[in-house]
Amino acid sequence: MANRGGAAQRPNSQTQGKICQFKLVLLGESAVGKSSLVLRFVKGQFHEYQESTIGAAFLTQTVCLEDTTVKFEIWDTAGQERYHSLAPMYYRGAQAAIIVYDITNMDSFGRAKVWVKELQRQASPNIVIALAGNKADLANSRAVECDEAQAYADENGLLFMETSAKTAKNVNEIFLAIAKKLPKNEQVSGAGSANQGRRLVESDSSAKTAGNCCK
Amino acid sequence: MEPRFAGMTFFATSHAGDVCGTNGLPLTPNSITIYGRSQILRTFSHPNLCTYLDIIRGKHERTMIVSEFHAQTLALLQEPLPLLGIVKLCHQTLTALSYINSHDIVHRCLAPDNIMINAKGNVKLFNYGLYYMTGKGSDVSFPIGNPRYMAPEVFLVDSQIASGPKVDVWSLGIILTEQALGVEQLWPELKLAQLMRKVLSLINCNSDTSVFSRIAREHSCWSKYESLPQSLVHLINSCLQLNPLDRPTPKELLEFPIFKEYSFDEYSLAERPDTLVETTHHLNSLPLQELYYLWRLAGGDVQSELKKQGLIRTMPPILSVPRLVLLEGSVLGKRRDQTSLLDLKIIPLSLESLRNRLAPVPVSAYYPLITTKSDVLNDAEECDAADLPLIIRERDTEYQFRRVVLFRRLLEGYPHTKSAIVREARKDIPPLYRGRVWAALLEVEGDIEAHYRETDKETPTHTDRQIEVDIPRCHQYDELLSSRDGHRKFKRVLKAWVERNPQYVYWQGLDSLCAPFIYLNFNNEAMAFACLSAFIPKYLHRFFLKDNSAVIREYLAKFTHVIAFHDPDLSNHLQEIGFIPELFAIPWFLTMFSHVFPLPKILHLWDQLLLGDASFPLYVGLAILQQHRDTLLSSGFNECILLFSDLPEVDIERCLSDSVAFYCCTPRSTTFRQHERCPSKAGLKNKPCHPDLEMSAQTVAELQAESCPRISGADLLDLLDSSKFPRPKVMVIDIRSPELYNVGSAPGSINIPHSRFDLTQEIPQLPSCPEVNILLQNRGKILVVAGQGDSPCAIQIAQIFLRNGLPKVCVLHRGIDVLQLANLLTKPTAI
Ligand SMILES: Nc1nc2c(ncn2[C@@H]2O[C@H](COP(=O)(O)OP(=O)(O)OP(=O)(O)O)[C@@H](O)[C@H]2O)c(=O)[nH]1
Ligand SMILES: [Mg+2]
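Conventions we followed
- Residues numbered from 1 in each chain as written.
- Chains lettered and ligands numbered in written order.
- Predicted model: local features only at pLDDT ≥ 70, side-chain atom pairs only at ≥ 80, totals over all residues.
- Heavy atoms only, no water.
- Helix = DSSP H or I, 4+ residues; strand = E, 2+ residues; numbered from the N terminus.
- Buried < 20%, exposed > 50% of the residue type's maximum accessible area, 1.4 Å probe, protein only.
- Contact = heavy atoms within 4.5 Å.
- Areas by Shrake-Rupley, 256 points an atom, 1.4 Å probe, with all protein chains shown as cover.
- Lys, Arg positive; Asp, Glu negative; His and termini not counted.
- Charge placed at Lys NZ, Arg CZ, Asp CG, Glu CD.
- Near = heavy atom within 4 Å.
- Polar contact = N/O pair within 3.5 Å; in protein donor to acceptor, adjacent residues only side chain to side chain.
- Nonpolar A, V, L, I, M, F, W, Y, C, P; charged D, E, K, R; others polar.
- Phe/Tyr/Trp six-rings, centres within 6.5 Å; stacked < 30°, edge-to-face > 60°.
- Lys NZ or Arg CZ within 6 Å of the ring centre and 35° of its normal.
- Buried area = accessible area lost by both parts, 1.4 Å probe.
- Salt bridge = Lys/Arg side-chain N within 4 Å of Asp/Glu carboxyl O.
- Donors = N, O, S within 2.8 Å, 3.2 Å for Na, K, Ca; no water.
- Core = buried A, V, L, I, M, F, W, Y, C linked by side-chain atoms within 4.5 Å.
- Pairing = 2+ DSSP bridges.
- Right-handed = clockwise from strand over helix to strand, strands pointing away.
- pLDDT = per-residue confidence, 0-100.
- Domains from an automatic or database assignment.

So, about the overall build of chain A. Along chain A, the regular secondary structure elements total seven helices and six strands. Ordered by position in the sequence, the α and β elements of chain A form the string α-β-α-β-β-α-β-α-β-α-β-α-α. Burial status across chain A gives 58% buried among its 215 residues. Within chain A, residue pairs in contact and separated by at least 24 positions form 76% of the contacts whose partners lie at least 6 positions apart. A total accessible area of about 8500 Å² is found for chain A, and carbon and sulfur atoms account for 47% of it.

Here you go:
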């Protein structure tokens, strides 16, 4: 149990090179598949009956980029609009965000746009935002055109991919793309410094700048 | 002892290969749909119906049915029934049919072997739920019904068209014809295909020759036919009307004059030798459901019984491998497994092992004495298992026997037996009656059916979408909750709750909260709703306000205090690493743990929770943390939060006994919350005291700024009462100046003036003085820091105690002044 964080590490997490730690938050309408994406990314699994998220869930995963090991500390938030008031607690101080919508549901795309606006206003100015059109396996019942989402993403300087937690399509890819885009100028001595998560929660000053991946 | 119930089995059609629903997720297996749908059958209780006791899912879409059983059937009778017998048979069958019709159920396979006859010689219809539970046959691949008794229109119309109640009337007509003409079976020599042609050929009958007369002629029974009373001929003719429109329904048939003409009540359909009556065992005094429950505890296993009787055959998987699988997934050359065909053999389930298991139980245990004051005189304490762990008690046949007998009696007496139910529930709650016991503990009373009926559960609202996406994610490993009927019930109950509580809104998590009640009251939505409606105000008052942040933050602040009060080291560590309840405990409390545990654990947890007040869940939270104390203490923030992101293994029984222990040694006022529901009539039995002695609301910011809880003057007075606690449980630390202290202070208190503390230090240390030594010697007692009024120093000093690892530290609300109100201040004696 205690080494669950460890279990999440991929075998390729050699420790030579830089180690960077980033806080990443997932936002988006309820049931678009945020938890499913995280589960796919972290454990390579997909649960049809994925439980809904209340409050938020925390997971970690490490990816390797050339000489850098990037450790994501992922906050998977609750999608229901009512839990909105908790969201700032998680995105404040986050260096990356994935805003998820469901390609079969137009409303969820609208909701994603609202999140983008909110992050642009409230989150760290350098936050890397990715837009994920999830449930790409359900292209038959598509309601949001890929072009439309791509255009929106381009306009707003977001990374964009259509993903499927079910088939694993573009799941690792989107996290990798984020990892690439994140600035990796400083180095940490040891991953998992105890205060990392806390900072996210307590940095009410919101003076945190992105790229500060190390402590 | 004769078997009282029997098992049978069939297969549901399995969905082809990898078919998905429109949401890209797998379709609900048919056996699950059947499972959910058939639950309602278990509630049917009618003198002429065999009770359904259980529906069990096996592997590969197998469904097993357990139903009340009687060895005697109409088909097995040696002689045709006399006239009285026929009228009785007809009447009782019709009452049973019209009962199931009133629940929109059609028998569809009414035949002499499905008409059982009980020991008293009454009709007991069997297998009447098959057509209904299989979705009118659509979830299984075999046809339902016996062609010999099938109404002709069933063969004629598209099999998609559902049969109505009149189909059964035809079958009854054929059965009555056989009895009236004294033929054992019509057209005995015909094979299946011929039989169907025969039934269809009856369509040629016209107004001159009725079906009945034609059959009589064909079977050379004309003289018998002519000797029948006119009213009987009329009845049978009505049943055998070719056009369903001309055929009466069971309900209409019951109005026929023939049933007034003959008095058949006394008549017994089957004479039974008296010897059988003698062997009647006390076990037979139990309701069938209890008997079945105990049978299973005594090792009864339907599946293995069916296996023994050859009804379930296992085939080596190699034999069922298809010859060819195409790339698109079609499967060719798979041999049809003969066992997948319907074999409605009925396997009686022997009660012998249960009887042997309960042989040592004295007769008196079957009839526990309960006095008018609802004291239980004959309780299960006598049973060996009483001191064993809960898990074992729940599986012990004799123990459960005593518990179910007792609880049945107590529940019959509810609400008068309320106090006895609470008392007994403290020991444990027998799973068989858990739903009703919970309702009693939640004080559900009154006409809940009407209330629920009158609640709008249908009108679409804007919360529907959220409810709809949450339900398929809520405890879906459970067969009941994942069935289509389960989902419908979920939705209705949740919508009803939102409708009835306009001050509140639907929050994700309400679905989880609803789950245990639906699970336990699957056949009683009104009860599930009433329980949910009683549970929320008791434990989650105001949690579902549109803006609930003040409520939740207050709750979590109190949780922090509870941790600090009981486990300073843990509290200090968690504080240090920033592992705050906001990050992990919201799903715990918002759903009272129903979102974080699987159902079996929730049931045990709530068994206890329901006996406690609104502060009890805080201790459950603490007990959960404590089970992982070592890991938490040695981990940093990330490991801690990962540990609780997905709740780790928790020993519920230990968690509960720990929670109770915490609860019992914590003054109630330390968990005071302004958002808690005001204690109603029951809570006010203590004499009202001066308002200053009571707790009063604090802002969330204040609560969060204070590390230790506050205690009310009233609670302190109570603890200081030496008649109640001859050995003091509490010690007051008076932080005022010695001058004030010497004028008057609390009995047994010590004086450590606040000036002795260096409040500016980063790591605050205890001053060294004799009083501090006394304090340390009294470690374990409740340490009440009391200043002048609400002094900020008291709060800081309490925090210093906490940081130095002292348990049970709290601050006297409003300071020492309140004790003056009670004239309790005495001149301190030198210690
Ligand atoms: N077909 C398909 N279904 C998916 C996919 N991702 C998620 N789902 C399903 O969609 C439902 C919702 O997924 P979740 O991961 O719980 O959604 P969420 O965004 O975390 O929802 P909240 O926790 O309520 O905010 C689940 O039943 C998933 O099985 C996908 O890529 N394809
Ligand atoms: Mg989620």
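Now that the structure has been shown, we can carry on.
Attention now moves to the overall build of chain B. Each helix and strand in chain B was counted, giving 39 helices and 13 strands. Principal axes of the C-alpha set define a box for chain B whose edges measure 120 × 70 × 50 Å. Taking all 831 residues of chain B together, 55% fall into the buried category. When the 84 basic and 92 acidic side-chain charges of chain B are each reduced to a single mean position, those positions are 1 Å apart.

Taken together, 29 residues are adjacent to ligand 1, and A:Ser30, A:Ser36, A:Asp137, B:Arg473 and B:Gln508 come closest. Positioned at a junction of chains, ligand 1 has nearby residues supplied by chains A and B. Interatomic distance of 2.9 Å between a backbone N/O atom of A:Thr53 and an oxygen atom of ligand 1. A:Ser164 has a polar side-chain atom sitting 3.3 Å from an oxygen atom of ligand 1. Contact with the protein chains removes 97% of the 650 Å² of surface that ligand 1 exposes when unbound. Considering only residue class, the shell around ligand 1 consists of seven nonpolar, 14 polar and eight charged.

Further remarks concern the packing of aromatic side chains. All names here are of chain B. On inspection of all chains with the given rule, the structure shows 44 aromatic pairs over all chains. With 5.8 Å between their ring centres and 20 degrees between their planes, Tyr292 and Trp295 make a pair best called stacked. Of this pair, Tyr292 and Trp295 both sit in helix H13 (residues 288-297), separated by three residues, roughly a single helical turn. Take Tyr292 and Trp295: they sit in the same class, and that class is buried. Taking NZ or CZ as reference, Arg217 lies 4.2 Å from the ring centre of Trp222, over its face. Positioned over the ring face of Phe522 is Lys489, at 5.0 Å from the centre of the ring.

With that settled, the discussion passes to the interface of chain A and chain B. Between chain A and chain B, the residue contacts involve 40 residues of the former and 45 residues of the latter. Interface area for chain A against chain B, summed over the two sides, is near 3600 Å², with a carbon-plus-sulfur share of 57%. Of all residues in chain A, the largest losses of buried area upon contact with chain B belong to A:Tyr49, A:Ile54 and A:Arg82, amounting jointly to 20% of the total for that side. Between the two partners, chain A and chain B, sit one salt bridge.

All names here are of chain A. Note on the magnesium ion (ligand 2): its protein donors are Ser35 (OG) and Thr53 (OG1). The metal-donor distances range over 1.9 to 2.0 Å. You can see Ser35 sitting in helix H2 (residues 34-43) and its partner Thr53 sitting in the loop between H2 and strand S2 (56-65), a full 18 residues away along the chain. Each member of the pair Ser35 and Thr53 is classed as buried.

Within the secondary structure, B:Asn501 is located in the loop between helix H23 (484-500) and helix H24 (510-520). Engagement of the side chain of B:Asn501 in a polar contact is seen with the backbone oxygen of B:Trp497, the distance being 2.8 Å.

Bringing the nonpolar core into the picture now. Judged by nonpolar contacts, the single largest core of 253 residues is most densely connected at B:Phe535, B:Phe544 and B:Trp588. The element best represented in this core is helix H25 (residues 525-539) of chain B, accounting for 11 residues. Dropping the residues within four chain positions of it, B:Phe535 is found in contact with B:Leu442, B:Leu513, B:Phe517, B:Leu540, B:Met592, B:Trp606, B:Leu609 and B:Leu610. Core analysis: the second largest hydrophobic core is formed by 30 residues, A:Leu37, A:Phe41, A:Val70 and A:Phe72 among them.

With that settled, consider the side chain of B:Ser707. Residue and element names in this part refer to chain B. One can find Ser707 in the loop between helix H34 (700-705) and strand S9 (710-711). For Ser707, a relative accessible area of 14% gives the class buried. Dropping the residues within four chain positions of it, Ser707 is found in contact with His561, Ala564, Gln799, Leu802 and Arg803.

Here we come to the pairing of strand S13 (residues 809-812) of chain B. Along a regular strand, successive side chains alternate from one face of the sheet to the other. Residues and elements named next belong to chain B. Pairing geometry for S9 and S13, over two bridges, is parallel. Counterpart to Ile711 in the pairing with S13 is Leu812. Where strand S12 (residues 782-786) and S13 come together, three bridges link them in parallel fashion. Along S13, the bridge assignment pairs Val785 with Val811. For the segment spanning S12, helix H38 (residues 792-803) and S13, crossover handedness is right-handed.

A word on the confidence of the model for chain A. Residue and element names in this part refer to chain A. Summarising the model, chain A shows a mean pLDDT of 82, and 79% of its residues fall at 70 or more. Across residues 1-15, confidence stays below pLDDT 50; counting only partners more than four residues off in sequence or on other chains, it has 28 contacts. When the criterion is pLDDT under 50, residues 187-215 qualifies, and its contacts beyond four places in sequence or with other chains add up to 65 contacts.

The next subject is unusual backbone geometry. Residue B:Tyr414 is joined to B:Pro415 through a cis peptide bond whose omega torsion reads 5 degrees. When you line up the elements, B:Pro415 lands in the loop between helix H17 (397-412) and helix H18 (418-427). Its identity is not glycine, yet A:Ala168 carries a phi of approximately 75 degrees, on the positive side. In this structure, A:Ala168 sits in the loop between strand S6 (159-162) and helix H6 (171-181).

Quick look at the domain arrangement of chain B now. Domain parsing of chain B yields domain 1 (1-69 + 275-315 + 340-362), domain 2 (79-125 + 142-261), domain 3 (448-539), domain 4 (549-679) and domain 5 (692-822). Distance between the C-alpha centres of domain 2 of chain B and domain 5 of chain B: 86 Å.

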